[in-house]
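Here's the letter readout for the chains.
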Amino acid sequence: MPKPRLYINDVAVRDGFQIEKAFIPTATKVSLIDELSATGLAKIEVTSFVSPKAVPALADANEVLAGIERVPGVVYVALVPNIRGVQNAAATGAKPDELNGVMSASLTHNRANINRTHEESLAEVPAMVRIAHEAGMTMSMSLSTTFGCPFEGPVSEDAILRFVEAFLAAGVDGISLADTTGMANPRQVEALTRKVLERFPPRDETFYTLHFHNTRGMGLANVVAGIAAGVRSFDGSIAGLGGCPFAPGATGNICTEDMVNMLQDMGYETGVDLDRLIACARRVPAIVGRDTPGQVMKAGPSLETHAVPESLKERI
Ligand code: ZN
């Protein structure tokens with residue numbers, strides 16, 4: 001049986017760069033996005049329409065969107081925390097293709113992240129969808145802390161199903177289940193996402209996305225569990241950039257090129273040119289001024305062979 005086609009999205013320029021202390025120049029963001037556009041990724045999350053006071057690192061949303069060269073077939077995404085973000089995205093000249101609204105399954109994290117109750121957040125979603133659609137953009141919703149909250153601990157499966165139902169009722173075009181603080185384990189991922197997909201079958205292969213962080217080393221195992229449950233779309237961040245400002249000590253998102261390397265070795269078609277993706281990842285340490293957690297960017301792809309060292313040659 002042929003293995004299913006998988007869809008890989010990169011969020012480094014948004015999820016990763018948003019927590020960088022030093023402002024990354026707009027031209028650097030644009031050139032990295034343009035290079036990512038040529039790798040075969042399905043989606044690139046390029047910026048965020050948030051208050052520049054809250055996230056100064058992404059204050060150049062309009063300039064980034066106007067500066068990038070769009071490649072047909074690639075979906076360019078911007079994160080929006082609320083209806084204001086949708087309005088600002090709708091008003092900009094070079095609009096993103098898709099908006100990604102965000103709320104947290106846990107109340108404490110929702111308050112910490114976007115300062116809202118669940119009712120306040122959910123009440124806005126239908127209008128967010130309407131405004132996005134009127135402006136020619138699709139609107140998806142991300143549910144943070146789906147697999148656990150650093151303040152409240154486990155989140156009940158029923159609560160997650162209720163959020164998914166509410167998002168569907170609001171007319172969203174996609175739903176991302178996010179493990180913002182790296183608390184998911186593979187067995188939990190498979191059980192919960194299977195339940196979600198059975199109860200609310202996806203209308204297309206990319207309707208549901210899984211967004212994992214590798215905080216406790218389980219990120220790629222969780223991807224495999226998600227595939228087993230039927231999910232086909234996955235977020236990652238080149239070089240493993242990212243984190244969560246409210247999860248102390250948290251490391252970044254799962255690393256996109258590590259994920260693609262694993263999936264290709266397993267025989268999946270990702271549509272991604274791994275060498276090009278690794279080349280993008282290798283630019284990142286110089287951009288952020290430090291080492292990054294990505295592993296394949298250091299070790300090379302699994303199928304890259306090396307010359308046998310002279311010292312070994314006599315023994316084989
Ligand atoms: Zn994330």
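The following refers to the structure shown. Given the structure is predicted, the values throughout are model-derived calculations rather than measurements.

### A closer look at the overall build of the chain
Part 1: Along the backbone of the chain there are 13 helices and eight strands.
Part 2: A globule of 316 residues ought to have a C-alpha radius of gyration of about 20 Å, and the chain, at 19 Å, matches this closely.
Part 3: For the chain, the residues scored as buried account for 54% of the 316 residues in total.
Part 4: Sequence-distant contacts in the chain: of pairs separated by 6 or more residues, those separated by 24 or more amount to 73%.
Part 5: Accessible surface computed for the chain: about 13,600 Å², of which carbon and sulfur atoms make up 54%.
Part 6: Taking the average place of the 28 positive charges on the side chains of the chain and the average place of its 36 negative ones, the gap between the two points comes to 3 Å.

### Here's the deal with the coordination of the zinc ion
Ideal geometry at a metal gives 109.5 degrees between four tetrahedral donors and either 90 or 180 degrees between six octahedral ones.
Part 1: In this structure, Asp15 (OD), His211 (NE2) and His213 (NE2) serve as the protein donors to the zinc ion, at separations of 2.0 Å.
Part 2: Positions of the donor residues of the zinc ion, expressed as sequence spacing, correspond to D-x195-H-x1-H. Of the two residues, Asp15 sits in helix α1 (residues 12–16) while His211 sits in strand β7 (residues 208–212), which places them 196 residues apart along the sequence.
Part 3: Relative accessible area serves as the criterion here: at 3%, Asp15 is assigned to the buried category.
Part 4: The class of His211 is buried, set by a relative accessible area of 7%.

### Side note on the environment of Asp158
Part 1: Considering the arrangement of structural elements, one finds Asp158 in helix α7 (residues 157–169).
Part 2: Judged by relative accessible area, which is 48%, Asp158 ranks as partly exposed.

### Looking at helix α8 (residues 186–199)
Part 1: The end-to-end C-alpha distance of α8 is 20 Å, a good match for the 20 Å that 14 residues give at a rise of 1.5 Å each.
Part 2: Buried within α8 we find Val189, Leu192, Thr193, Val196 and Leu197. Around the axis of α8, the buried residues are gathered within 130 degrees of arc, so they sit on the same side. Turned more than 90 degrees away from the buried face of α8 sit Arg187, Glu198 and Arg199, all of them exposed.
Part 3: One side-chain oxygen at the N-terminal end of α8 lies 3.1 Å from the backbone nitrogen of Arg187; it belongs to Asn185.

### Regarding the packing of helix α10 (residues 256–265) against helix α11 (residues 274–288)
Part 1: The N-to-C vectors of α10 and α11 enclose an angle of 160 degrees; their axes lie 9 Å apart at closest approach. Here α11 runs roughly antiparallel to α10, going by the angle between their axes. Crossing hand, α10 versus α11: left-handed. Contacts between α10 and α11 pair Thr256, Glu257, Val260, Asn261 and Gln264 from the former with Leu274, Leu277, Ile278 and Ala281 from the latter.
Part 2: Residue composition of the contact of α10 with α11, grouped by class: five nonpolar, three polar and one charged.

### Comments concerning the sheet that holds strand β4 (residues 98–104)
Part 1: Taken together, eight strands build a closed barrel; the order of strands is β1-β2-β3-β4-β5-β6-β7-β8 and the barrel is parallel. Taking each pair of neighbouring strands and ignoring which way they run, the sheet shows an average axis angle of 25 degrees.
Part 2: Alignment of β7 against strand β8 (residues 233–236), held across three bridges, turns out to be parallel. The partner of His211 across the bridge, within β8, is Asp235.
Part 3: Contacting β1 (7–10), β2 (43–48) and β3 (75–80), helix α2 (residues 26–37) runs over the sheet at an angle of about 165 degrees to β2.

### Quick word on the side chain of Ser106
Part 1: Examined against the element boundaries, Ser106 turns out to sit in the loop between β4 and α5 (107–114).
Part 2: By relative accessible area, Ser106 is classed as buried at 1%.
Part 3: At 3.1 Å, the side chain of Ser106 forms a polar contact with the backbone nitrogen of His109.
Part 4: The contact partners of Ser106, leaving out residues within four places of it in the chain, are His118, Thr145, Cys149, Glu152 and Val155.

### As for unusual backbone geometry
Part 1: One non-glycine residue, Thr145, lies in positive phi territory at about 50 degrees.
Part 2: Examined against the element boundaries, Thr145 turns out to sit in the loop between β5 (138–144) and α7.
Part 3: Of note in this structure, Ala239 is not a glycine but carries a positive phi near 65 degrees.
Part 4: Relative to the elements of secondary structure, Ala239 occurs in the loop between β8 and α10.

### Focus on the pattern of salt bridges
Pairing of side chains with opposite charge becomes possible as their charged atoms draw close.
Part 1: This model, assessed by the stated rule, comprises 12 salt bridges.
Part 2: Here Arg14 and Glu45 are joined by a salt bridge, their closest N and O atoms 2.5 Å apart. Of the two residues, Arg14 sits in helix α1 while Glu45 sits in strand β2, which places them 31 residues apart along the sequence. No difference in accessibility class separates Arg14 from Glu45, as the two residues are buried.
Part 3: Where Asp60 meets Lys29, a salt bridge forms, and the shortest distance between an N and an O atom there is 2.9 Å. Taken together, the positions of Asp60 in the loop between β2 and α3 (61–67) and Lys29 in helix α2 put the pair 31 residues apart, joining distant regions of the chain. Across the pair, Lys29 and Asp60 agree in class, each one buried.
Part 4: Here the salt bridges do not stand alone but share partners, grouping Arg14, Asp15 and Glu45 into one network.

Cut-offs used in this document
Residues numbered from 1 in each chain as written. Predicted model: local features only at pLDDT ≥ 70, side-chain atom pairs only at ≥ 80, totals over all residues. Heavy atoms only, no water. Helix = DSSP H or I, 4+ residues; strand = E, 2+ residues; numbered from the N terminus. Rg over C-alpha atoms; globule rule 2.2 N^0.38 Å. Buried < 20%, exposed > 50% of the residue type's maximum accessible area, 1.4 Å probe, protein only. Contact = heavy atoms within 4.5 Å. Areas by Shrake-Rupley, 256 points an atom, 1.4 Å probe, with all protein chains shown as cover. Lys, Arg positive; Asp, Glu negative; His and termini not counted. Charge placed at Lys NZ, Arg CZ, Asp CG, Glu CD. Donors = N, O, S within 2.8 Å, 3.2 Å for Na, K, Ca; no water. Expected span 1.5 Å × (residues − 1). Arc of directions from axis to C-beta. Polar contact = N/O pair within 3.5 Å; in protein donor to acceptor, adjacent residues only side chain to side chain. Axes fitted to C-alpha atoms, helices over the stretch in contact; angles between N-to-C directions. Parallel < 35°, antiparallel > 145°, perpendicular 65-115°, else oblique. Left-handed = near helix turned anticlockwise from the far one by under 90°. Nonpolar A, V, L, I, M, F, W, Y, C, P; charged D, E, K, R; others polar. Pairing = 2+ DSSP bridges. Salt bridge = Lys/Arg side-chain N within 4 Å of Asp/Glu carboxyl O.

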